[in-house]
Amino acid sequence: MGAGWSSDEEREPLLGPGLGPGPGAARRSREAAAAATLPAAGPGPGRVYGRRWLVLLLFSLLAFAQGLVWNTWGPIQNSARQAYGFSSWDIALLVLWGPIGFLPCFAFMWLLDKRGLRVTVLLTSFLMVLGTGLRCIPISDLMLKRRLIHGGQMLNGLAGPTVMNAPPFLSTTWFSADERATATAIASMLSYLGGACAFLVGPLLVPAPNGTSPLLAAESSRAHIKDSIETVLYAEFGVVCLIFSATLAYFPPRPPLPPSVAAASQRLSYRRSFCRLLSNLRFLMIALAYAIPLGVFAGWSGVLDLILTPVHVSQVDAGWIGFWSIVGGCVVGIAMARFADFIRGMLKLILLLLFSGATLSSTWFTLTCLNSITHLPLTTVTLYASCILLGVFLNSSVPIFFELFVETVYPVPEGITCGVVTFLSNMFMGVLLFFLTFYHTELSWFNWCLPGSCLLSLLLILCFRESYDRLYLDVVVSV
């Protein structure tokens, strides 16, 4: 699991003859799936501690804050333009710092694998403290203030790799086999929920600019908007400082005893892990099934207000659609993960159901926007329903994908596995957002990318051959 349970030499070999991935992996996966449906034969060899929920809470709060800080500027971009003189490129770059922060992703993966959870989380939260603090420095020079804000967003973006990659590592380290998917879902979904809450916090606390006011009134309005934005920045800085203080006071790297056989088992080295991942065609297949539709959806969500403008949907309504799609995805994702914990060995089936729904929802939305050709009813209800369903199906698939990634390439460490796929997804999203910055006048073609990417992912999942080597250890070997 981590360096504290095995030396570097011990990490090189696998579990031993007949237990590691090999020719019998498919057979063991079927045994694990079958055994997972049977009643438990008795207490497992590991032990779980009540403090695991406190560790999960602290990490989830950190993920929530990172998502909230990342999405600070999108919902209040018009107010930010007036208060700080941001250009369209500035607003786009403030969002792009999220995927750009994944460029050093592999360094955080190495740190998580070699130094464990506590060191990585403390470094991540410290970067967030620095980032949110930079944005709060009181400077009258708007040019310098904009640079400080960009620097703060960049540091917060560097926290993204840990927030997105560590949930499966945390769940394996602290939780038993029948709680892992749920813990992964909670830890990974809270970052999305933080981004969704920014749609509420910003517009509620920061007034929108009024372009029709006289000059003196406009100057007074600008000062009021700037004060409101700074109030939000100070509040976010305070929240991040509290979370950092809590993790510094108590965030153990691992429990005294591992909670399962898989948690105590040996892992591949950093170099061998990458060789295993890049040579595993099944992993590459399922990684693309995750990265392509989630990257397209993230880029599409970022310009949702522009996409809905031709069909006369306001920016406020577009924000509410984005909010409820993320919140619904978080709720359904946690519920699906809990279901996966009860009925183990069904991850592929769950993903097939979710992406079938995503394909139908995205097709419904795209055809509705072409109502002049399809004659489908174009109403607020149909747009809300199709967009929210699409967000629910796609966002809720994230923790299920994470668990399937880990099962597919076990004994590759969880942080490295999820780091590679989230890096691919964020790079794909970054390229799309960069492209849309220059070609945003005509976006109807972008709607067709959604059903196309969802259908491609559905076909890849359908052809994917699942395996559950980690589950085999916990369910079969421990009996």
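What counts, and at which threshold
Positions within a chain are numbered from 1, following the residues in the order the chain's sequence is written. Local features in this predicted model are restricted to residues of pLDDT 70 or higher, and side-chain atom pairs are both shown and tallied only at a pLDDT of 80 or more, whereas totals for entire chains, interfaces and linings draw on every residue. To obtain the side-chain values, all non-hydrogen atoms of the structure were included, while hydrogens and water were left out. The numbering of helices and of strands both runs from the N terminus, where a helix is a DSSP run of H or I of at least 4 residues and a strand a run of E of at least 2. Per-residue and other accessible areas follow the Shrake-Rupley method at a 1.4 Å probe size, with only the shown protein chains counted as cover for residues. Only buried Ala, Val, Leu, Ile, Met, Phe, Trp, Tyr and Cys residues count toward a nonpolar core, and they belong to the same one when joined by side-chain atoms within 4.5 Å. When a residue's accessible area, from a 1.4 Å probe over protein chains only, is under 20% of the maximum for its type it is buried; when over 50% it is exposed; and in between it is partly exposed. Two distance rules govern patches: like charges are joined within 9 Å, and nonpolar side chains (Val, Leu, Ile, Met, Phe, Trp, Tyr) within 5 Å, applied only to residues with over 30% relative accessible area and no salt bridge. For this analysis, a salt bridge means a side-chain nitrogen from Lys or Arg found within 4 Å of a carboxyl oxygen belonging to Asp or Glu. Orientation is described by axes fitted as lines to C-alpha atoms, over the contacting stretch for helices, and by angles from 0 to 180 degrees between their N-to-C directions. Note: crossing handedness is left-handed where the near helix turns anticlockwise from the far helix by less than a right angle, and right-handed where it turns clockwise. A contact between two residues is defined here by any heavy atoms of the two lying within 4.5 Å. Residue type decides the class: Asp, Glu, Lys and Arg count as charged, Ala, Val, Leu, Ile, Met, Phe, Trp, Tyr, Cys and Pro as nonpolar, and the leftover types, Gly among them, as polar. Note on terminology: disulfide denotes any pair of cysteine sulfur atoms within 2.5 Å. Multiplying 1.5 Å by the helix residue count minus one yields the expected span of that helix. Two axes enter the bend calculation: one fitted to the seven residues ending at the residue in question, the other to the seven starting there, and the bend is the angle between them. Every residue gets a pLDDT, meaning the predictor's confidence in that residue, from 0 to 100. Pairing of aromatic rings covers Phe, Tyr and Trp, the last counted by its six-membered ring, and requires centre-to-centre distances within 6.5 Å; plane angles under 30 degrees mean stacked, over 60 mean edge-to-face, and any other angle means tilted. Counted as a polar contact is a pair of N or O atoms within 3.5 Å, where, for protein atoms, one must be capable of donating a hydrogen and the other of accepting one, and residues adjacent in sequence contribute only when both atoms are in side chains.

A. Focus on the overall build of the protein chain. In terms of helices and strands, the protein chain carries 22 helices and zero strands. Of the roughly 19,300 Å² that the protein chain leaves accessible, carbon and sulfur atoms contribute 71%.

B. Seen up close, the nonpolar core. Membership of the largest hydrophobic core comes to 73 residues, with the highest contact counts inside it found for Tyr290, Trp300, Leu308 and Phe401. Top contributing element to this core by residue count: helix H13 (residues 281-302), with ten residues. Core analysis: the next-biggest nonpolar cluster, separate from the first, contains 25 residues, Leu56, Leu58, Val121 and Met128 among them.

C. Highlighting a nonpolar patch on the surface. Taken together, the side chains of Leu54, Leu57, Leu61 and Tyr250 make up a nonpolar region of the molecular surface, amounting to roughly 330 Å² of accessible area. Along the chain, Leu61 turns up in helix H3 (residues 52-70).

D. Fine view of the packing of H3 against helix H6 (residues 105-135). At their nearest, the axes of H3 and H6 sit 11 Å apart, and the two run at 35° to each other. You can see that H3 and H6 cross each other, and the crossing is left-handed. Contacts between H3 and H6 involve Phe59, Leu62, Ala65, Gln66 and Val69 from the first element and Val121, Thr124, Ser125, Met128, Thr132 and Arg135 from the second. Residue composition of the contact of H3 with H6, grouped by class: six nonpolar, four polar and one charged.

E. A look at the side chain of Ser79. Inspection of the secondary structure assignment puts Ser79 in helix H4 (residues 77-84). Residues in contact with Ser79, not counting those within four places in the same chain, are Val206, Pro207, Ala208, Pro209, Ile225 and Ile229.

F. Representation of the pattern of salt bridges in the model. Inspection of every chain in the model, using the stated rule, returns seven salt bridges. The salt bridge partner of Glu403 is Arg470, with a shortest N-O separation of 2.7 Å. Taken together, the residues span a long stretch of sequence, with Glu403 in helix H19 (residues 397-409) and Arg470 in helix H22 (residues 469-477) at a distance of 67 residues. Across the pair, Arg470 and Glu403 agree in class, each one buried.

G. Looking closely at the state of the cysteines. Applying the stated criterion to the full structure yields zero disulfides. Looking at Cys136, it has no disulfide partner, and the nearest cysteine sulfur is the one in Cys241, 8.6 Å off.

H. Structural view of H6. Over its 31 residues, H6 runs only 23 Å from end to end, short of the ideal 45 Å by more than 12%, given 1.5 Å per residue. Along its length, H6 shows its largest kink, about 130°, at Gly116.

I. Fine view of the environment of Leu61. Accessibility expressed as a relative area gives 39% for Leu61, which makes it partly exposed. Residues Leu61 and Leu190, spaced 129 residues apart in sequence, show a C-alpha to C-alpha distance of 7.3 Å.

J. Quick look at the confidence of the model for the protein chain. On average, residues of the protein chain score 82 in pLDDT, and 83% of them reach the 70 mark or higher. Ranking the elements of the protein chain by mean pLDDT puts helix H1 (residues 8-11) last with 40 and H3 first with 95. Contacts from residues 1-23, a stretch scored under 50 in pLDDT, to residues over four places away or in other chains number 53 contacts. Contacts from residues 212-217, a stretch scored under 50 in pLDDT, to residues over four places away or in other chains number one contact.

K. Looking closely at unusual backbone geometry. For the bond running from Tyr410 to Pro411, omega is 15°, close enough to zero to count as cis. You can see Pro411 is positioned in the loop between H19 and helix H20 (414-438).

L. Geometry of the environment of Val48. One can find Val48 in the loop between helix H2 (25-36) and H3. Separated by 208 residues in sequence, Val48 and Pro256 place their C-alpha atoms 9.5 Å apart. Sequence-distant contacts of Val48, that is, excluding residues within four places in its chain, are made with Trp174, Phe175, Ser176 and Pro259.

M. Structural detail: the packing of aromatic side chains. Under the criterion given, the structure shown has 18 aromatic pairs. Their ring planes at 70° and their centres at 5.6 Å tell us that Trp73 and Phe86 sit as a pair that is edge-to-face. Residue Trp73 is located in the loop between H3 and H4, and its partner Phe86 is located in the loop between H4 and helix H5 (88-100); the two are separated by 13 residues in the primary sequence. Judged by its relative accessible area of 1%, Trp73 is buried. Residue classification places Phe86 among the buried positions, given a relative accessible area of 4%.

N. Local environment of the side chain of His150. Mapped onto the elements of the fold, His150 is located in helix H7 (residues 142-158). There is a polar contact of 3.1 Å between the side chain of His150 and the side chain of Trp97. With residues near it in sequence (within four places) discarded, His150 still touches Phe86, Asp90, Leu93, Leu94 and Trp97.

O. Here's a closer look at the environment of Val261. When you line up the elements, Val261 lands in helix H11 (residues 261-264). Val261 sits 89 residues away from Thr172 along the chain, and the two C-alpha atoms are 9.9 Å apart.

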